[in-house]
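# Structural overview for review
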Number of protein chains: 2
Amino acid sequence: MQTASDNPCLRIACSSCNLRELCLPVDLQGSALHRLDALTSIKRPFRRGEYLYRSGEPFRALYAIRTGFFKTQVLHENGREQVTGFQMPGEIIGLDAISSDAHSCDAVALEDSEICEIPFDQLEELSRELPTLQRYLHKIMSREIVRDHGIMMLLGSMRAEERLAAFLLNLSQRFSARGYSPSSFHLRMTRQEIGSYLGLKLETVSRTLSHFQDHGLLNVRLREVEIMDMLRLRSFVGTTA
Amino acid sequence: MQTASDNPCLRIACSSCNLRELCLPVDLQGSALHRLDALTSIKRPFRRGEYLYRSGEPFRALYAIRTGFFKTQVLHENGREQVTGFQMPGEIIGLDAISSDAHSCDAVALEDSEICEIPFDQLEELSRELPTLQRYLHKIMSREIVRDHGIMMLLGSMRAEERLAAFLLNLSQRFSARGYSPSSFHLRMTRQEIGSYLGLKLETVSRTLSHFQDHGLLNVRLREVEIMDMLRLRSFVGTTA
DNA sequence: AAATGCGTTTGATATAGGTCAAAAACCATG
DNA sequence: CATGGTTTTTGACCTATATCAAACGCATTT
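What you see is a predicted model, and the numbers here were worked out from it, not measured in a lab.

## Focus: the overall build of chain A
In terms of helices and strands, chain A carries seven helices and 11 strands. Principal axes of the C-alpha set define a box for chain A whose edges measure 55 × 40 × 30 Å. Across the 241 residues in chain A, those meeting the buried criterion constitute 56%. Total accessible area computed for chain A in this model is approximately 10,500 Å², and 49% of it derives from carbon and sulfur atoms. In chain A, 29 side chains carry a positive charge and 30 a negative one; their mean positions are 3 Å apart.

Right, here's the structure in full:
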């Protein structure tokens, strides 16, 4: 097992990371924060299309996205794939691997990205000493469960238009939280990937986007989205019985 | 805040619980187990239809089901409901509440049930001292995430027959793990609840079950299910492209 | 600049599952 | 044991989305 200080990759400081408000170190201060720094390290950059990990690989660490964009997907033997999430800077991935000491999904970079590696054994050890960190780790895992329930609701009971509206609003909100425009952004994923995530075929995603555009809710051109009428888009989600 | 010893409800011993293999105490031994006993207590029994907790209520404890059957559901403002799971003895619920210190779903007894209450503050405290318990708690949360990903795949990419086959096989496997027949069991939930869980209408659930019966895969009569051809049922899940 | 290839859009058609409706079976209650 | 309410089944019909197919746009390579 290698420790952070052995790690050939660049060491970084959570204490000076501009994602502090979003990532693990929330609420940690002073020496606690430095102890987290001590076990976190930046892995080599990932190019678009590269795998951060694959289903079945042994579990060693959680990963925090520093820059870039990832998707996670579950593959079924018969070739069926399900995108389980799209992750952006400040978000933590790899939690699913704790249960079996092996990754249960793939994580793929959707654009060139940098990630922080947080060895899980050491994180557990530290969180035994720092109740704040412990609680925060639990919250992150719990948040993932709540998020998944939301997607289950979406997949189980929403129509195509509602799913897409919910998806766009969710992206909007997350971009906004990172200081980017909530109304104008670039999609990093294909129609096919959006479809897989939302339980729709890519043609339906495309048609529904065109449909939104025809009704003046937004402008789409390839991966460029501009939301024109946020309120009406919002009223879409859940208003239709 | 009340501790387990103040609690008017019956105190019990995890150390002698016959769900040990399924519930939290897995791998805990000796004094560690007794310390967990000390914070766990049995709440009053719940009658069919009673709520263990409701969405929005403050979070205090996790709950382990001792006997009986629960469903958890998320309610959307517009009345839409999504059943997010069916829980049986030895399973832990309430994990979703950690993220916001409030429950984010309802838990409803589907039959008369008994549950153990595990105050979360105390569980965290204990898990700081017992790495085995800490790791196990993390595994339980992670397992929930993996389970949810499985449901996302089911909802996102399976046809009605596959969903239902997967559902029945999942129940079968869980009954089996508890020493009950894997092929013959009683459904505690309505067609409507199954449908909500699987993203189908109750009529579709009913029709699909009849369809399975017509093809000799199983016998259903109301809530009584007998699986006749486990292998063929299994081959259903995922075989159809 | 031509060629190749992936991603996207759009149209025509098919179908799985939803909706509506009615009857039957079951269950709880007085 | 009659009654009223819920759950389940089954049928007929409808619609949202999938499927199949073709054309187009954009990016990358030759």
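## Points about the nonpolar core
If you look at the biggest cluster of nonpolar residues, it comprises 89 residues, and the most contacted ones within it are A:Leu52, A:Phe167, A:Phe212, B:Phe167 and B:Phe212. Sequence-distant contacts of B:Phe167, defined by excluding residues within four places in its chain, comprise B:Phe86, B:Met189, B:Ile194, B:Tyr197 and B:Leu198. Judged by nonpolar contacts, the second largest core, of 64 residues, contains A:Leu133, A:Met141, B:Leu33 and B:Leu133.

## Observations regarding the protein's contact with DNA strand C
The immediate surroundings of DNA strand C are formed by 19 residues, with A:Arg191, A:Ser210, B:Ala160, B:Thr204 and B:Arg221 found nearest. Within the contact set of DNA strand C, a phosphate oxygen lies 2.4 Å away from a side-chain nitrogen or oxygen of B:Thr204. Listing elements by their share of the surface near DNA strand C, those giving two or more residues are helix H6 (202-214) of chain A together with helix H6 (202-214) of chain B. Class assignment of the residues belonging to the surface near DNA strand C gives a composition of five nonpolar, five polar and nine charged.

## Some words on the relation of the copies chain A and chain B
Note on the copies: chain A fits chain B at an RMSD of 0.0 Å, the axial shift is 0.0 Å, and the rotation between them is 180°. Taken together, these values place the two copies in the relation of a two-fold axis. Using C-alpha coordinates, one finds that chain A approaches the rotation axis most closely at A:Arg128, a distance of 2.2 Å. The share of interface residues of chain A whose copies in chain B are also at the interface is 100%, consistent with both copies meeting through the same surface.

## What about the protein's contact with DNA strand D?
Around DNA strand D lies a shell of 18 residues, among which A:Ala160, A:Thr204, A:Arg221, B:Arg191 and B:Ser210 are the nearest. Taking the atoms of DNA strand D that fall within 4 Å of the protein, sugar and phosphate contribute 64% of them. The separation between a phosphate oxygen of DNA strand D and a polar side-chain atom of B:Arg191 is 2.7 Å. The separation between a phosphate oxygen of DNA strand D and a polar side-chain atom of B:Ser206 is 2.8 Å.

## Focus: the pattern of salt bridges
Residues and elements named next belong to chain A. Evaluation of the coordinates by the stated rule reveals 36 salt bridges over all chains. Between Glu-144 and Arg-147 there is a salt bridge; the shortest N-O distance is 3.1 Å. One end of the pair, Glu-144, and the other, Arg-147, are both in helix H3 (residues 131-157), three residues apart, so they sit about a helical turn from each other. According to the relative accessible area criterion, Glu-144 is buried, its value standing at 17%.

## A short note on the interface of chain A and chain B
Between chain A and chain B, the contact holds 47 residues from the first and 47 residues from the second. Carbon and sulfur atoms supply 57% of the area that chain A and chain B bury against each other, a total of about 4,400 Å² over both sides. Of all residues in chain A, A:Arg80, A:Arg128 and A:Met152 give up the largest surface area on contact with chain B, accounting jointly for 16% of the area buried on that side. At the junction of chain A and chain B, the tally comes to 10 salt bridges. B:Asp101 is paired through a salt bridge with A:Arg135; the nearest N and O atoms lie 3.5 Å apart. Taken together, chain A and chain B are joined by 27 residue pairs in polar contact (both at pLDDT 80 or more). Looking at the side of chain A that touches chain B, the elements with two or more residues in it are strand E5 (81-87), helix H2 (120-129) and H3 of chain A. Among the residues making up the side of chain A that touches chain B, the classes are represented as 17 nonpolar, 17 polar and 13 charged.

## Focus: the packing of helix H2 (residues 120-129) of chain B against helix H3 (residues 131-157) of chain B
Residues and elements named next belong to chain B. Packing of H2 against H3 brings their axes to within 5 Å, and their N-to-C directions diverge by 125°. Here H3 runs oblique to H2, going by the angle between their axes. Listed contacts from H3 to Phe-120, Leu-123, Leu-126, Ser-127 and Glu-129 of H2 are Pro-131, Leu-133, Gln-134 and Leu-137.

## Observations concerning the sheet that holds strand E10 (residues 218-221) of chain B
Residue and element names in this part refer to chain B. Pairing is antiparallel in the open sheet, where three strands are placed in the order E9-E11-E10. The open sheet has two free edges, formed respectively by strand E9 (184-186) and E10, since each of these has just one partner strand. Sheet twist, expressed as the mean angle between neighbouring strand axes with direction ignored, is 10°. By the bridge criterion, three bridges tie E9 to strand E11 (residues 224-227) in an arrangement that is antiparallel. Residue pairing in the sheet places Ser-184 in a bridge with Glu-226 of E11.

Each value, and the rule that gives it
Residues numbered from 1 in each chain as written. Chains lettered and ligands numbered in written order. Predicted model: local features only at pLDDT ≥ 70, side-chain atom pairs only at ≥ 80, totals over all residues. Heavy atoms only, no water. Helix = DSSP H or I, 4+ residues; strand = E, 2+ residues; numbered from the N terminus. Buried < 20%, exposed > 50% of the residue type's maximum accessible area, 1.4 Å probe, protein only. Areas by Shrake-Rupley, 256 points an atom, 1.4 Å probe, with all protein chains shown as cover. Lys, Arg positive; Asp, Glu negative; His and termini not counted. Charge placed at Lys NZ, Arg CZ, Asp CG, Glu CD. Core = buried A, V, L, I, M, F, W, Y, C linked by side-chain atoms within 4.5 Å. Contact = heavy atoms within 4.5 Å. Near = heavy atom within 4 Å. Polar contact = N/O pair within 3.5 Å; in protein donor to acceptor, adjacent residues only side chain to side chain. Nonpolar A, V, L, I, M, F, W, Y, C, P; charged D, E, K, R; others polar. Least-squares fit on C-alpha atoms with pLDDT ≥ 70 in both. Salt bridge = Lys/Arg side-chain N within 4 Å of Asp/Glu carboxyl O. Buried area = accessible area lost by both parts, 1.4 Å probe. Axes fitted to C-alpha atoms, helices over the stretch in contact; angles between N-to-C directions. Parallel < 35°, antiparallel > 145°, perpendicular 65-115°, else oblique. Pairing = 2+ DSSP bridges.

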